[in-house]
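The chain contents come next:
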Number of protein chains: 2
Amino acid sequence: MNGKATTTRTKLERGRSALGPALELVHTGRAPTRAVLTSELGVTRATAGAVAAELEALGLIRVDSSPGAAAGSQGRPSHRLSVLETGPVVLAAQVHADGFRAALVGLGGRIVATSPGCVAVMADPAQVLGEVVEAGAGLLRASGLRCVGAGLAVPSAVAEPEGTALNPLHIAWPAGSPVRDIFAACVRRAGITGPAFTGNDVNLTALAEHRHGAGRGAQHLLCVATGHRGVGGALVLDGRLHSGSSGLALEVGHLTVNPEGRPCHCGGRGCLDVETDPLAFLTTARREPGPEESLLKQAGNLLRAEYDDPAVRQAAEALIDRLGLGLAGLVNILNPDRIILGGLHRDLLEADPERLRAVVADRSLWGRSGSVPILPCTLAHNSLVGAAELAWQPVLDDPLAALA
Amino acid sequence: MNGKATTTRTKLERGRSALGPALELVHTGRAPTRAVLTSELGVTRATAGAVAAELEALGLIRVDSSPGAAAGSQGRPSHRLSVLETGPVVLAAQVHADGFRAALVGLGGRIVATSPGCVAVMADPAQVLGEVVEAGAGLLRASGLRCVGAGLAVPSAVAEPEGTALNPLHIAWPAGSPVRDIFAACVRRAGITGPAFTGNDVNLTALAEHRHGAGRGAQHLLCVATGHRGVGGALVLDGRLHSGSSGLALEVGHLTVNPEGRPCHCGGRGCLDVETDPLAFLTTARREPGPEESLLKQAGNLLRAEYDDPAVRQAAEALIDRLGLGLAGLVNILNPDRIILGGLHRDLLEADPERLRAVVADRSLWGRSGSVPILPCTLAHNSLVGAAELAWQPVLDDPLAALA
DNA sequence: CTGAGTTTGTGCCGCAACTAAACAAACTGC
DNA sequence: GCAGTTTGTTTAGTTGCGGCACAAACTCAG
């Protein structure tokens, strides 16, 4: 088994080969009707019709026979394609410094139900994941829907293929915890069907935004976001998450953005991590971080509420300059066609979009690569939706096999 | 033309869909026999046999019916598959600071003929490319082989989709020269058939090494190389060159590797470009660059011949440390599973491989990503072979369509 | 030398995914 | 009310490929 047998897809396993792409088009909202499904897939109307009928028979999508108020165009109105509300769901879970949350997510990134966010995170991943999966299982029982998989977002790099969390420091878990296996075990124990997946939260945010949010249509999407501490990055290439050869790509926190900056635990100085995260903003603005709220919320509130205060404004501008320097470095390496920002970086972008774009353009090397659009993340619960995307992926790749 | 019509491959255009992958396997030497072709493609023996027969009928490969000295294994010996020596070729061209060169390259990266390297490069790209294409056309007439395309490697970032050379400074061409169109015009004018492509030389080096050299089998291959001035990078993902959304990815020359270093024209300080190129090596070793040889050759000779000299050794170690810092930054962003180095960087690696690997491991963040193998480029004329790969790509993607 | 075992190449059948073409349906506009 | 346009459906035909059976070419044991 040295990789020679490259997934021998026998005829029997294969099913209709356009089924997956068709479902993905409906899932991402790019195929509102059978007519555009035909052109997007590059097949005949006969095939598109058969594919849509098969997806409908699988209980995944709905074909509205009632023409409804057709658009003002000529010709016979096309039937609308949409995700079936009563179709299967996946269990999505998210763990962050504030607590954890579980949700059921349908096709199209539709959040069917969420548990109330829990505020406590313990040092034992098995306990936390057991609770969050149990919450999800409760939602599932209440809904009566079929579950086809589970996905988990954690604020840590996740090494592949082991599925271990390498730096879950801000949630007090031990480094190297086998989160993927723990999560999968919890899922099985709770009687939830389907495979279980685990990923880094910023990666999953990028995936969710690419499919349902600000990243739609981008071919080379770069996402940079800060949670409570540290900075994460992600890259979505041609619709697939690029997480490197062992899941550790886009660990952008240690780009140098301020050679005279504060020391970083990595051994360097002025890393993006310690220069542009919420704590950096609060200390640069000479505010004492309080214990009652998360650093992210404190920083965001300060930025929005007191932007008139010169100290706050100067701190914001300093962070924007350093973030811009880091983004420019990434632009020179990755040449994305869109950048989206999350967490405090999103707030910084909205505080002074022109300044950030100017810095990036100034420090990027050539041509259009410097004028790449920079947008804020738009999706609510984006890493939760991203965790769901992970679980949906097998269904999108091969609906027949995944639902069998 | 907003990308909606995704290459409507009608049944007639499509041909045998396993044809391209099969040719690629033979081309890269991964399918020495029909038996391994069967397992690599994941098809039945019947299909593999039909595919091989079709490739043979197209005049691309040869199926040795004579079993020859079969390996010591049991069972019926498999017929050997190999590239047909008298099959079609592509015209490959390379321009660098020392001059230019043309070659004919067959499948498998086999150099069929090369022109003598010319030492003069003029400031007018049309004149240079006219001469190099004319040299290639001469080789082609002398060989009597069929030509299916042309590829050009230039020491400059090439912006897509325009095909303009953004920074061909070291060969004294005007920035923004439309090299792709100029090359294509020269190719047409010389009566050479097939499409013409242009790419950055380091990108093409990486592509060539991935298919025929030190990068074989890597899934995420990072290549960093220095020519006479400046540093270039390239990334090959799953066998395809990743050049970003507009061809400008992996412009790694302006990573900061020495905060107190020399100023760079980009506005920063201590960029990889000015800290690890041949000129940096010569000046760090306190040698006066002479005019008689290229900087690359002077630096390489100095490194190999006088490594016992403390000044030379210290300069090499300083450059290795800075290169290592830059590579570690790239490892954190790209998480490659192999790194290959070319030009002076290759010489630095061979001078002290342990030191370089230690620096990269020390400054990479976690786990195996820091112990990524670092190897020297092995292929002679690698950017020339890479330029040929560019021209071969349409044939590898769809042999029937490309040869029609 | 012979026959059993093993691996590879090939001919034949049939499935199923698709195209092509003709037709039917549902709209708009004159 | 009819022509024009766009969409959905039916039918027939094509084809790439899996499955199978068999033949071919080797090794090895006795």
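None of the values given here were measured: they were computed from a predicted structure.

1. Structural notes on the domain arrangement of chain A
Residues and elements named next belong to chain A. Assigned domains within chain A: domain 1 (13-67 + 76-83), domain 2 (89-204 + 382-403) and domain 3 (217-376). For domain 1 versus domain 2, the distance between C-alpha centres works out to 29 Å. Summed over both partners, the interface of domain 1 with domain 2 comes to about 1,100 Å²; 74% of that surface belongs to carbon and sulfur atoms. On the surface where domain 1 and domain 2 come into contact, there are zero salt bridges.

2. Concerning the protein's contact with DNA strand D
With respect to spatial proximity, 27 residues lie near DNA strand D, and among them Arg45(A), Gly75(A), Arg76(A), Ser78(A) and Ser17(B) are the closest. Side-chain polar atom of Ser17(B) to a phosphate oxygen of DNA strand D: 2.7 Å apart, as the coordinates give it. One of the side-chain nitrogen or oxygen atoms of Thr47(B) is found 3.0 Å away from a phosphate oxygen of DNA strand D. Mapped by element, the contributors of at least two residues to the surface near DNA strand D are α3 (34-41) and α4 (45-57) of chain A together with α4 (45-57) of chain B.

3. Section: the nonpolar core
If you look at the biggest cluster of nonpolar residues, it comprises 78 residues, and the most contacted ones within it are Phe281(A) and Phe281(B). Setting aside anything within four residues of it in sequence, one finds Phe281(B) in contact with Ala299(B), Leu302(B), Leu303(B), Val312(B), Ala315(B), Ala316(B), Leu319(B) and Leu344(B).

4. Quick look at the sheet that holds strand β9 (residues 196-200) of chain A
Residue and element names in this part refer to chain A. Spatial ordering of the open sheet is given by β5-β4-β3-β6-β9, a layout of five strands whose pairing is mixed. A single partner strand is all that each edge strand has here, and the edge strands are β5 (111-114) and β9. Across the sheet, the axes of successive neighbouring strands diverge by a mean angle of 25°, strand direction being ignored. Pairing geometry for strand β3 (residues 89-96) and strand β6 (residues 147-154), over five bridges, is parallel. Residue pairing in the sheet places Val89 in a bridge with Cys147 of β6. Lying over the sheet, helix α6 (residues 179-189) contacts β3, β6 and β9, oriented at roughly 145° with respect to β9.

Each value, and the rule that gives it
- Residues numbered from 1 in each chain as written.
- Chains lettered and ligands numbered in written order.
- Predicted model: local features only at pLDDT ≥ 70, side-chain atom pairs only at ≥ 80, totals over all residues.
- Heavy atoms only, no water.
- Domains from an automatic or database assignment.
- Buried area = accessible area lost by both parts, 1.4 Å probe.
- Salt bridge = Lys/Arg side-chain N within 4 Å of Asp/Glu carboxyl O.
- Near = heavy atom within 4 Å.
- Polar contact = N/O pair within 3.5 Å; in protein donor to acceptor, adjacent residues only side chain to side chain.
- Helix = DSSP H or I, 4+ residues; strand = E, 2+ residues; numbered from the N terminus.
- Core = buried A, V, L, I, M, F, W, Y, C linked by side-chain atoms within 4.5 Å.
- Buried < 20%, exposed > 50% of the residue type's maximum accessible area, 1.4 Å probe, protein only.
- Contact = heavy atoms within 4.5 Å.
- Pairing = 2+ DSSP bridges.
- Axes fitted to C-alpha atoms, helices over the stretch in contact; angles between N-to-C directions.

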